Amino acid sequence: MGKTKTWITERKQEYYYKKAKAENYRSRATYKLAQTIEKYHFIKYGDVVVDLGAAPGGWIQAARKAAGKKGFVLGVDLKPIEPFEQTYIRTIVLDMTEPDAVQQILSFLPTKADVVLSDMSPNISGVWEMDQAIQIDLATKALGVAQQILCVNGNFFTKVFEGDMFKEYLEKVKPLFEEVKLIKPKASRAKSSEMYILALGLKSHKNVEE
Ligand SMILES: C[S@@+](CC[C@H](N)C(=O)[O-])C[C@H]1O[C@@H](n2cnc3c(N)ncnc32)[C@H](O)[C@@H]1O
């Protein structure tokens with residue numbers, strides 16, 4: 001990446017970092033979700049939302065704004081998330097690779113979920129192939145969870161890293177949903193290989209070709 005681009009990227013990071021601080025958001029990541037909700041309206045007032053890999057809670061704050069107090073947001077992470085005062089937000093410590101993770105999540109939900117979000121990612125080791133493989137495993141886990149806990153017509157938004165395994169993953173998502181989009185939010189760093197898949201409208205099982 002050229003010097004000018006690096007400079008722009010750093011200024012953009014700094015801009016969202018300061019904005020998050022000023023607006024009392026727990027992370028810069030809040031804006032990645034908020035910008036996508038604003039554009040695609042995929043979290044609606046009253047929705048039940050499950051946020052996987054939610055610490056420290058920036059996405060929970062953006063989801064809560066869209067779902068409102070008639071909605072419900074469950075944040076899940078390996079790490080504890082500082083609790084929210086609102087009763088319609090719950091957070092739990094859970095490793096999504098645990099075999100009973102889906103059952104545990106369902107036990108906290110008032111109904112099946114309208115939206116599943118996943119920003120889960122490994123601690124970046126710098127060994128690109130390894131980081132990408134772990135990230136795709138987590139995104140695959142999130143897709144499996146979404147299939148089990150979403151209501152028909154529910155929406156799924158997940159982080160992925162671009163690379164060899166990405167296309168294969170995308171092909172798994174496509175047949176399950178009515179519409180699938182690739183998203184690079186403005187608040188995402190231009191140089192990172194991170195992008196997002198927004199999958200709208202989970203098909204009922206009988207509408208998915210085996
Ligand atoms: C980029 S951070 C999420 C930031 C969050 N979206 C926000 O707005 O504050 C990724 C999170 O994924 C979590 N994570 C990674 N592997 C996980 C797993 N197996 N189960 C649950 N959470 C996991 C990490 O602990 C980390 O907090």
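Scroll up to find the structure.
Residues numbered from 1 in each chain as written. Predicted model: local features only at pLDDT ≥ 70, side-chain atom pairs only at ≥ 80, totals over all residues.

**Remarks on the overall build of the protein chain**
The condition that has to hold: A run of H or I in DSSP becomes a helix once it reaches four residues, and a run of E becomes a strand once it reaches two; helices and strands are each numbered from the N terminus. The reference for a compact globule is 2.2 Å times residues^0.38; the radius of gyration itself is calculated from the C-alpha atoms. Exposure classes come from backbone-placed C-beta atoms, where a residue is buried if 20 or more other C-beta atoms lie within 10 Å of its own, exposed if 12 or fewer do, and partly exposed in between. By definition, residue pairs are in contact when their C-beta atoms, positioned from the backbone, come within 7 Å.
Scanning the protein chain for helices and strands turns up six helices and seven strands. Beginning at the N terminus, the succession of helices and strands in the protein chain can be written as α-α-β-α-β-β-α-β-α-β-α-β-β. Whereas a compact globule of 210 residues would reach a radius of gyration of roughly 17 Å, the protein chain reaches 17 Å, a difference of no more than 12%. For the protein chain, the C-alpha atoms occupy an extent of roughly 50 × 40 × 30 Å along the three principal directions. Here the protein chain holds 210 residues, and the buried ones make up 36% of them. Pairs at least 24 residues apart make up 67% of the contacts formed inside the protein chain by residues separated by at least 6 positions.

**Considering the nonpolar core**
For clarity, the cut-off: To form a nonpolar core, buried Ala, Val, Leu, Ile, Met, Phe, Trp, Tyr and Cys residues must be joined through C-beta atoms within 7 Å.
One finds V49, L52, A63, V116 and A142 to be the most contacted residues of the largest nonpolar core, which totals 51 residues. Of all elements in the fold, only helix 2 (30-40), strand 1 (48-52), helix 3 (58-67), strand 2 (72-77), strand 4 (113-118), helix 5 (128-149), strand 5 (150-161) and strand 7 (194-202) reach the threshold of two or more residues within this core. In this structure V116 touches V50, L52, A142, V145, A146, I149, L150 and F156, once residues within four positions along its chain are discounted.

**A closer look at the site of the ligand**
Spelled out, the test is: Residues are classed as near a molecule or strand if the C-beta position derived from their backbone is within 6 Å of it. Following the grouping adopted for this structure description, the nonpolar residues are Ala, Val, Leu, Ile, Met, Phe, Trp, Tyr, Cys and Pro, the charged ones are Asp, Glu, Lys and Arg, and the polar ones are all others, Gly among them.
Around the ligand sit 22 residues, and of these A29, G53, G58, M96 and D119 come closest. Listing elements by their share of the shell around the ligand, those giving two or more residues are helix 3 and strand 2. Among the residues forming the shell around the ligand, the class breakdown is 10 nonpolar, seven polar and five charged.

**Overview of the pairing of strand 2**
Note the threshold: Between any two strands, at least two bridges found by DSSP are needed for them to pair. By the criterion used throughout, a crossover qualifies as right-handed when its path from the first strand across the helix to the second strand runs clockwise, the strands pointing away from the viewer.
Most of strand 2 is tucked away: six of the six residues are buried. On strand 2, burial covers both faces: F72, L74 and V76 on one face and V73, G75 and D77 on the other are all buried. Pairing of strand 1 with strand 2 involves five bridges; the strand directions are parallel. Its bridge partner lying in strand 2, D51 is registered against G75. In terms of handedness, the path from strand 1 via helix 3 over to strand 2 forms a crossover that is right-handed. Here strand 2 pairs with strand 3 (residues 89-93) via five bridges, running parallel. Each bridged residue has a counterpart across the sheet, and for G75 the counterpart in strand 3 is T91.

**As for the packing of helix 4 (residues 101-108) against helix 5**
This is how it is decided: A fitted line through C-alpha atoms serves as each axis, taken over the contacting stretch for helices, and the angle formed by two N-to-C directions is quoted from 0 to 180°. Relative orientations are named as follows: roughly parallel for angles under 35 degrees, roughly antiparallel for angles over 145 degrees, roughly perpendicular for angles from 65 to 115 degrees, and oblique for any other angle. Here a crossing is taken to be left-handed if its near helix is turned anticlockwise relative to the far helix by less than a right angle, and right-handed if that turn runs clockwise.
Where helix 4 meets helix 5, the closest approach of the two axes is 11 Å, and the angle between their N-to-C directions is 45°. Classified by the angle between their axes, helix 4 and helix 5 sit oblique to one another. Along this stretch, helix 4 crosses helix 5, giving a crossing that reads as right-handed. Contacts between helix 4 and helix 5 involve A101, V102, I105 and L106 from the first element and V145, Q148 and I149 from the second. Of the residues contributing to the contact of helix 4 with helix 5, the split by class is six nonpolar, one polar and no charged.

**Points about the environment of A133**
Within the fold, A133 resides in helix 5. Sequence spacing of A133 and V145 is 12 residues, and the spatial spacing of their C-alpha atoms is 18 Å.

**Comments concerning helix 2**
All of the buried residues along helix 2 are T30, Y31, K32, L33, A34, T36 and I37. With its phi angle positive at about 50°, H41 sits one or two positions after the end of helix 2.

**Here's the deal with the packing of helix 5 against helix 6 (residues 164-173)**
Where helix 5 contacts helix 6, the axes come no closer than 11 Å and their chain directions differ by 5°. By the angle class used here, helix 5 and helix 6 are roughly parallel. Facing helix 5, whose interface residues are Q132, A133, I136, A139, T140 and L143, helix 6 presents M165, Y169, K172 and V173. A breakdown of the residues in the contact of helix 5 with helix 6 according to their chemical character gives seven nonpolar, two polar and one charged.

**Let's talk about the pairing of strand 1**
The element strand 1 is extensively covered by neighbouring structure, given that five of its five residues are classed as buried. Of the two faces of strand 1, both are covered, the one formed by V48, V50 and L52 as well as the one formed by V49 and D51. Relative to strand 4, strand 1 is paired through four bridges, and the arrangement is parallel. Within the sheet, the bridge partner assigned to L52 lies in strand 4 and is S118.

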